[in-house]
Every structure is written in structure tokens, then in C-alpha cells.
Amino acid sequence: ANEPPFDIKSLRSDIEAMISDNLDLGPSLVRLAWHEAGSYDCFKKDGAPNSASMRFKPECQYEGNNGLEVPRRALEPFKKKYPQISYADLWVLAAYVAIEYMGGPSIPFSWGRVDAKDGSVCGPDGRLPDGGKTQDHVREVFTRLGFNDQETVALIGAHTCGECHLKYSGFDGPWTHDKNGFDNSFFTQLLSEEWVVNPKIQKMQLMDRATTKLMMLPSDMSLILDPKYRKYVELYANDNDRFNKDFSAAFKKLTELGTKNLRKAPAVEC
Ligand code: HEM
Ligand code: CA
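Residues numbered from 1 in each chain as written. Chains lettered and ligands numbered in written order. Predicted model: local features only at pLDDT ≥ 70, side-chain atom pairs only at ≥ 80, totals over all residues. Heavy atoms only, no water.

**Student:** Quick question: what am I supposed to make of the overall build of the protein chain here?
**Tutor:** Looking only at helices and strands, one finds eleven helices and seven strands in the protein chain. Over its C-alpha trace the protein chain gives a radius of gyration of 18 Å, about what one expects of a compact globule, namely 18 Å for 270 residues. Referenced to the eigenvectors of the C-alpha coordinate spread, the extents of the protein chain come out at roughly 50 × 40 × 30 Å. Counting all 270 residues of the protein chain, 55% fall into the buried class. Intrachain contacts of the protein chain at a sequence separation of at least 6 include 70% that bridge at least 24 residues. Of the roughly 12,500 Å² of accessible surface on the protein chain, a fraction of 51% belongs to carbon and sulfur atoms. Here the protein chain contributes 34 positive and 38 negative side-chain charges, whose respective centroids are spaced 4 Å apart. (Helix = DSSP H or I, 4+ residues; strand = E, 2+ residues; numbered from the N terminus. Rg over C-alpha atoms; globule rule 2.2 N^0.38 Å. Buried < 20%, exposed > 50% of the residue type's maximum accessible area, 1.4 Å probe, protein only. Contact = heavy atoms within 4.5 Å. Areas by Shrake-Rupley, 256 points an atom, 1.4 Å probe, with all protein chains shown as cover. Lys, Arg positive; Asp, Glu negative; His and termini not counted. Charge placed at Lys NZ, Arg CZ, Asp CG, Glu CD.)

Okay, here's the thing in C-alpha cells:
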């Protein structure tokens with residue numbers, strides 16, 4: 001009865017093939033699943049997390065979601081080919097496939113998310129974190145989402161992959177030297193490099209003094225300035241297996257916020 005009504009094995013390999021043709025899609029799919037969930041308020045129980053509500057106005061027009069039309073459009077052909085999967089499940093499955101493809105943990109997938117019918121359920125603008133702000137803001141946002149400090153740090157470790165785009169966020173550049181790989185290098189870079197203000201970008205962002213090719217947001221830097229966060233940055237920098245395990249659990253929790261009666265999909269054979 002847990003068997004989903006779509007061919008999950010074939011869908012997984014289709015998503016994987018798409019990512020291998022266009023490596024930049026991998027991180028963007030992870031960000032799509034995160035922002036879809038990030039509208040949640042665990043106290044008010046609103047914001048329609050994990051419902052693909054971001055397909056609709058006003059949510060698709062929130063500044064924080066700039067650029068996410070790219071992964072949303074990239075997934076449309078799969079929704080046509082596998083009409084039985086909800087958009088909400090498709091977005092989450094695609095993020096899991098991307099993480100695994102990039103070398104991160106394989107996260108056990110559960111299905112049964114229900115799509116929002118229209119934009120009436122969208123959360124208000126301003127619920128996603130602002131990269132220009134620091135620990136008080138980061139803690140406020142992740143507490144509202146229902147995460148503790150350890151889970152927060154693990155989740156932000158996703159900045160091990162992908163990059164900022166001037167045209168989407170006003171920030172620019174990748175966090176690590178391998179933006180298509182997924183491991184604990186966000187944490188090792190954060191601790192090992194000397195971070196200085198990048199004078200070439202209008203918004204405040206940091207660059208590594210050694211190569212000037214890497215970037216950190218003020219919100220990323222706050223993870224080493226705040227002692228309660230820093231403890232976990234050090235833990236994950238020293239232990240990639242622990243990062244994978246904790247990231248996997250926290251990302252699964254994030255992508256199941258607000259859902260009910262999900263069913264475990266059959267385990268993937270490798
Ligand atoms: C990209 C901010 C947490 C995953 C970005 C970008 C910003 C940002 C400004 C650049 C967007 C662009 O210009 O394209 C933040 C802030 C966070 C946060 C302020 C929390 C304090 C997270 C979390 C995840 C995540 C929890 C996932 C678990 C990503 C990924 C990208 C990204 C994968 C790269 C996207 C791409 O390459 O297209 N984030 N983020 N972020 N974020 Fe975050
Ligand atoms: Ca949502």
C-alpha cells in the first residue's frame with residue numbers, strides 16, 4: 001500500500017539525467033524545496049509548507065523566491081510525464097535526488113503531500129531569512145519554523161552547494177570551491193579562511209582573502225560569531241558523516257513540515 005502511484009524509480013533516473021545535463025539545477029532544486037517549506041509558522045500552523053503553494057501569486061513574486069522559476073519550470077515535463085505525483089512531492093523528491101547526486105546523504109523519501117489549490121493559502125511575505133542579517137534574525141526564523149540551533153546549523157550547511165546570483169538576490173558567488181558537490185566544506189571553509197568584506201558588491205558580503213573567489217553572507221558568518229551556533233559548525237567541520245546524518249534528518253523534517261499521513265516510498269536500491 002506504500003507503493004506510490006507513479007514509477008518512482010524511473011522518475012528518479014529522469015531527474016538525475018536532467019541534473020547531469022545541467023549541474024546548476026541541482027542546488028536550485030534544493031533551494032526550491034527549502035523555500036517552499038520556509039513559509040511555515042509552527043505556532044500559527046499556517047504558510048502552506050510543502051504544498052507547492054509557490055506556484056501561485058503572491059508567493060512566486062516574493063523577492064526571496066527570485067530565480068526559483070528556473071527549477072520550477074525544469075520540473076514541468078516530469079509532472080506531465082508522471083501526472084500522478086503531486087507538485088509538492090515532485091519538488092521534494094527532486095531535491096533529495098539532487099542532494100544524493102551531488103554526493104550528499106540519501107534521504108528516505110515519503111510521499112503523499114497535497115498540492116495547494118490556489119494562492120489563498122500562501123504565507124505572508126518576509127518569512128524567509130535575510131542573508132544580510134545575523135544570528136538574532138536567523139534564530140527567530142528557524143525557531144518559527146520549529147528548528148533548534150543544531151538543526152539550523154546543519155540545514156544552512158546546504159550552502160556547501162550552489163551560488164548567489166546578482167540578478168536574483170543581489171549577492172554574488174559560490175560558498176565553496178566545488179559548487180556541485182555536497183559535503184561539509186561550507187563549515188571547513190567558514191572556519192579555515194580569513195573572511196573580509198568584498199568591496200565590489202553593493203550588498204554587504206564577505207570574500208576569502210586567499211582567493212577572493214568564495215563568499216559568505218552576513219547570516220553565514222553569524223554561525224561562527226554566535227557561540228551556540230559555532231559549536232555545531234566545529235562539529236560538522238570535523239565530521240562529515242555526522243553532517244550527512246544530521247542534515248538528512250533536518251532536511252527530511254523541513255520537507256515534511258505541515259504534512260500528514262505521508263507514506264514511506266520503497267527504499268532505493270543502489
Ligand atoms: C542560495 C540565503 C538557508 C539552500 C541562497 C542565496 C541566498 C541565500 C541569498 C542566493 C540566491 C541567489 O542569488 O540565487 C539564505 C539564508 C539562509 C539560508 C539567509 C538562512 C539564514 C538555506 C537553507 C538551505 C539553503 C536552510 C537548504 C537546506 C540554498 C542553496 C542555494 C542557496 C542550495 C544555492 C541556489 C543556487 O545555486 O541556485 N541562500 N539561505 N539555504 N541556498 Fe540559502
Ligand atoms: Ca509554501
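Let us keep going from here.
**Student:** What exactly am I supposed to notice about the sheet that holds strand S6 (residues 215–216) here?
**Tutor:** Two orientations exist for strands paired in a sheet by backbone hydrogen bonds: parallel and antiparallel. The strand order across the open sheet built from three strands is S4-S5-S6, with neighbouring strands paired in antiparallel fashion. For this open sheet the edge positions go to strand S4 (195–197) and S6, each flanked by a neighbour on one side alone. Alignment of S4 against strand S5 (residues 206–208), held across three bridges, turns out to be antiparallel. Opposite Val 196, over in S5, you have Met 207 as the bridge partner. (Pairing = 2+ DSSP bridges.)

**Student:** How do you make sense of the coordination of the iron atom of ligand 1 when you look at a structure like this?
**Tutor:** Tetrahedral metal sites with four donors have an ideal angle of 109.5 degrees; octahedral sites with six donors have ideal angles of 90 or 180 degrees. What the protein offers the iron atom of ligand 1 as a donor is a single atom, His 159 (NE2), at 2.1 Å. With respect to the helices and strands, His 159 occurs in the loop between helix H6 (149–156) and strand S2 (163–164). (Donors = N, O, S within 2.8 Å, 3.2 Å for Na, K, Ca; no water.)

**Student:** Explain the site of ligand 1 to me, please; I cannot follow it from the model alone.
**Tutor:** Around ligand 1 lies a shell of 26 residues, among which Trp 34, His 159, Glu 163, His 165 and Ser 169 are the nearest. One of the side-chain nitrogen or oxygen atoms of Trp 34 is found 3.2 Å away from a nitrogen atom of ligand 1. Contacts to ligand 1 include His 165, whose side-chain N or O atom sits 2.7 Å from an oxygen atom. Listing elements by their share of the shell around ligand 1, those giving two or more residues are helix H2 (25–37), helix H5 (135–145), H6, S2 and helix H7 (166–169). At five residues, the largest contribution of residues to the shell around ligand 1 is made by H2. Residue composition of the shell around ligand 1, by class: 16 nonpolar, seven polar and three charged. (Near = heavy atom within 4 Å. Polar contact = N/O pair within 3.5 Å; in protein donor to acceptor, adjacent residues only side chain to side chain. Nonpolar A, V, L, I, M, F, W, Y, C, P; charged D, E, K, R; others polar.)

**Student:** How should the coordination of the calcium ion (ligand 2) be read in this particular structure?
**Tutor:** Within the protein, the atoms that donate to the calcium ion (ligand 2) are Glu 36 (O), Glu 36 (OE), Glu 36 (OE), Ser 39 (OG), Ala 48 (O) and Ser 53 (OG), at distances of 2.5 to 3.2 Å. The site at the calcium ion (ligand 2) holds six donor atoms, and with the angles between them running 44 to 160°, its shape is irregular. The sequence pattern formed by the donor residues of the calcium ion (ligand 2) is E-x2-S-x8-A-x4-S. You can see Glu 36 sitting in helix H2 and its partner Ala 48 sitting in the loop between H2 and helix H3 (69–81), a full twelve residues away along the chain. We note that Glu 36, like Ala 48, is buried. (Tetrahedral: all angles 85-135°; square planar, octahedral: opposite > 155°, others 65-115°.)

**Student:** Quick question: what am I supposed to make of the packing of aromatic side chains here?
**Tutor:** To describe a pair of aromatic rings, you give the distance between the ring centres and the angle between the ring planes. According to the stated counting rule, one finds twelve aromatic pairs in the structure shown. A ring pair is formed by Phe 6 and Trp 111, whose centres lie 6.4 Å apart and whose planes are at 80°; its orientation type is edge-to-face. With Phe 6 in the segment before helix H1 (8–21) and Trp 111 in strand S1 (residues 110–111), the pair connects residues that are 105 residues apart, well separated along the chain. Comparing Phe 6 with Trp 111, the two get one shared label, buried. Between Phe 187 and Phe 243, the aromatic rings sit 5.4 Å apart at their centres with planes inclined by 75°, giving edge-to-face as the arrangement. One end of the pair, Phe 187, is in helix H8 (residues 185–192); the other, Phe 243, is in helix H11 (residues 240–254), and 56 residues separate them in sequence. Like Phe 187, the residue Phe 243 is buried in the burial classification. An aromatic cluster of three or more residues is present, and its members are Tyr 96, Phe 109, Phe 182, Phe 186, Phe 187, Tyr 236, Phe 243, Phe 247 and Phe 251. In this structure, Lys 79 is placed above the aromatic ring of Tyr 87, and the distance from its NZ or CZ to the ring centre is 5.1 Å. (Phe/Tyr/Trp six-rings, centres within 6.5 Å; stacked < 30°, edge-to-face > 60°. Lys NZ or Arg CZ within 6 Å of the ring centre and 35° of its normal.)

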